[in-house]
Amino acid sequence: MTTHSFTLIVEGVDINDPDVFDALYEAGCDDATIGVTNGIPVMDFDREAASFNEAILSAIADAESVESLRVVRIADPDLVSMSEIAARIGRSRECVRLWVLGKRGPGGFPPPLNDPHDRYRFWRWSDVEGWLRGVLGGEPWSSDDHLRAAINATLELRHHLGQLDPQDCPDLRALAGPVLGG
């Protein structure tokens, strides 16, 4: 077994309530540090499991077995700015900026996740990493980024579907195609 470290962001309960804390412990979250960081309720896990996927999914299931607690997302170190990309790969921010603009390298740098007109843009590290491997070569820096992104996308879809009237909901199975069995 390997120990996997990650942070779940949660909502729906007062995580500082001793009864909630006890319920989480009883639910199997004895491998988590529970608290509030910058006003956000979090659970920092060091969970032993055969895989990263198993660790995260079992932690979500354990946490959500506590009444009214809902996991919002996994804290995502996968979101990066140009400066963070530069720092991770030991290049200058200007080098990264030129890649983004297509003025250096082969072009085709991944688009940012937020509005490309925004002054501060963010990319998914797993997308940038794939592009960088094509430019710089070498082994991937992380193997779990795409899994974390997929789980977060699923948690976000669950949240948004819960906010919609089923009558107003587009056919998401057709949109997702074979991913959701459509």
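Below or above, wherever it landed, is the structure these notes cover. (Residues numbered from 1 in each chain as written. Predicted model: local features only at pLDDT ≥ 70, side-chain atom pairs only at ≥ 80, totals over all residues. Heavy atoms only, no water.)

A few words now on the overall build of the protein chain. Secondary structure assignment for the protein chain yields 7 helices and 6 strands. When the helices and strands of the protein chain are read in sequence order from the N terminus, they spell out β-α-β-β-α-β-β-α-α-β-α-α-α. Buried positions account for 33% of the 182 residues belonging to the protein chain. Across the protein chain, contacts joining residues at least 24 apart in sequence account for 59% of those joining residues at least 6 apart. (Helix = DSSP H or I, 4+ residues; strand = E, 2+ residues; numbered from the N terminus. Buried < 20%, exposed > 50% of the residue type's maximum accessible area, 1.4 Å probe, protein only. Contact = heavy atoms within 4.5 Å.)

Here strand E1 (residues 2–11) runs beside strand E3 (residues 40–49); their pairing, made up of 8 bridges, is antiparallel. Within the sheet, the bridge partner assigned to Phe6 lies in E3 and is Phe45. As defined by bridge partners, strand E2 (residues 32–37) adjoins E3 across 6 bridges and the pair is classed as antiparallel. Looking across to E3, one finds that Gly35 is bridged to Val42. As consecutive antiparallel partners, E2 and E3 are separated by 2 residues, and within that stretch Asn38 has a phi angle of approximately 50 degrees, a positive value. (Pairing = 2+ DSSP bridges.)

What the 4 strands build is an open sheet, ordered E2-E3-E1-E4; its pairing is antiparallel. The open sheet has two edge strands, E2 and strand E4 (70–74), and neither has a second partner. Direction aside, neighbouring strands of the sheet carry axes that sit 35 degrees apart on average. Taken strand by strand, helix H2 (residues 52–64) contacts E1, E3 and E4, and its axis lies near 40 degrees from that of E1. (Axes fitted to C-alpha atoms, helices over the stretch in contact; angles between N-to-C directions.)

What follows is about unusual backbone geometry. Located in the positive-phi region is Asn38, a residue other than glycine, with phi close to 50 degrees. One can find Asn38 in the loop between E2 and E3. Among the residues examined, Asn38 registers a relative accessible area of 77% and is labelled exposed. The backbone of Ser68 shows a phi angle near 75 degrees, a positive value even though the residue is not glycine. Here Ser68 lies in the loop between H2 and E4.

For any pair of aromatic rings, the description consists of the separation of the ring centres together with the inter-plane angle of the planes. A full pass over the atoms with the stated rule returns 5 aromatic pairs. Centroid distance Phe109 to Trp131: 4.9 Å. Interplanar angle 70 degrees. Geometry classified as edge-to-face. Of this pair, Phe109 sits in the loop between helix H4 (93–101) and strand E6 (123–124) while Trp131 sits in helix H5 (residues 125–136); the two residues are 22 residues apart in sequence, bridging distant segments of the chain. Take Phe109 and Trp131: they sit in the same class, and that class is buried. The structure contains a cluster of three or more aromatic residues connected by ring pairs, namely Trp99, Phe109, Trp123 and Trp131. (Phe/Tyr/Trp six-rings, centres within 6.5 Å; stacked < 30°, edge-to-face > 60°.)

Looking now at the packing of helix H3 (residues 82–89) against H4. Contact geometry of H3 with H4 gives a least axis separation of 8 Å together with a crossing angle of 115 degrees. Of the two possible hands of crossing, H3 and H4 adopt the one that is right-handed. Contacts between H3 and H4 involve Met82, Ser83, Ile85, Ala86 and Ile89 from the former and Arg93, Val96, Arg97, Trp99 and Val100 from the latter. Broken down by class, the residue content of the contact of H3 with H4 amounts to 7 nonpolar, 1 polar and 2 charged. (Left-handed = near helix turned anticlockwise from the far one by under 90°. Nonpolar A, V, L, I, M, F, W, Y, C, P; charged D, E, K, R; others polar.)

Within H3, the full set of buried residues consists of Met82, Ile85, Ala86 and Ile89. Around the axis of H3, the buried residues are gathered within 100 degrees of arc, so they sit on the same side. Those residues of H3 that are buried lie in contact with strand E5 (79–80), H4, E6 and H5. Of the residues one or two after H3, Gly90 is the one with positive phi, at around 70 degrees. (Arc of directions from axis to C-beta.)

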